[in-house]
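# Commentary on secondary and tertiary structure
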Amino acid sequence: MYEQQAVICPTCHSKFEFVKPGEQKSPDIQALFHYNEAMKDFLHQYKFLKDIVLKDVFRSEITKALKNTDAVIVPIPMHPEKIILRTFAHIDELLKAAGTPYTHLLEKISIESQSSKSKVEREQSAQLFQLKPNIIIEKRSHILIDDIVTTGTTLKHAKAILTEAGASSVKAFTLIQG
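## Re the packing of aromatic side chains
Inspection of the entire model under this criterion finds 8 aromatic pairs. Where Phe-16 meets Phe-58, the ring centres are 4.9 Å apart and the plane angle is 75°; that geometry is what we call edge-to-face. Here Phe-16, found in the loop between helix H1 (10–13) and strand S1 (29–34), pairs with Phe-58, found in the loop between helix H2 (37–48) and helix H3 (59–66); they are 42 residues apart in sequence, far enough to count as distant. Residue class for Phe-58 comes out buried when judged on its relative accessible area of 0%.

Pasting the structure below:
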């Protein structure tokens, strides 16, 4: 296997702070990086300024973190209207860049963005997801994939749907921990 060429310089990459063991928000959520200024700039450039080339920045870290799992990888979906607005599904692109197979099992039923809400508003949100039509959830482990975890509400909602539908366990992996 060949080594992938870096997308950003080592100096820029060194500004991202890894989440160390014991710093995770929850034992069921693995996050790679803290939400610092460098990560805030990255996320803004990638998601909102639609710089799809940045999908490759963390491909080796994502590949390494997810390579030995036999769980079903489930990206947190975007609302269809948001995909049109942003031009690409940012979680899907991160997983594709990392060569990580995934399966869409959920669909987002609310167009509202969690990032525009306060912590209390997030925690009181109505269910954000539903199972896609004609989906049968296997009784095995699932890993939800998202870009950032702040309050954990998005992941909690998605986990509830998968668990109710029969998943034996549901954990989460995020690029960033806010």
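## Looking at the sheet that holds strand S6 (residues 169–177)
Taken together, the 4 strands give an open sheet; going across it, the order is S1-S6-S5-S2, and neighbouring strands pair in parallel fashion. Sheet topology places S1 and strand S2 (72–75) at the edges, where each strand pairs with a single neighbour. Shown here is a sheet whose adjacent strand axes are inclined to one another by a mean of 20°, direction ignored. Here H3 sits on the sheet and contacts S1, S2, strand S5 (141–149) and S6; the angle it forms with S1, its principal contact strand, is near 160°. This element, helix H7 (residues 153–164), spans S1, S2, S5 and S6 of the sheet and lies at about 165° to S5.

Reading guide: rules and limits
- Residues numbered from 1 in each chain as written.
- Predicted model: local features only at pLDDT ≥ 70, side-chain atom pairs only at ≥ 80, totals over all residues.
- Heavy atoms only, no water.
- Phe/Tyr/Trp six-rings, centres within 6.5 Å; stacked < 30°, edge-to-face > 60°.
- Helix = DSSP H or I, 4+ residues; strand = E, 2+ residues; numbered from the N terminus.
- Buried < 20%, exposed > 50% of the residue type's maximum accessible area, 1.4 Å probe, protein only.
- Pairing = 2+ DSSP bridges.
- Axes fitted to C-alpha atoms, helices over the stretch in contact; angles between N-to-C directions.
- Contact = heavy atoms within 4.5 Å.

Distances and angles like these do not, on their own, reveal function.
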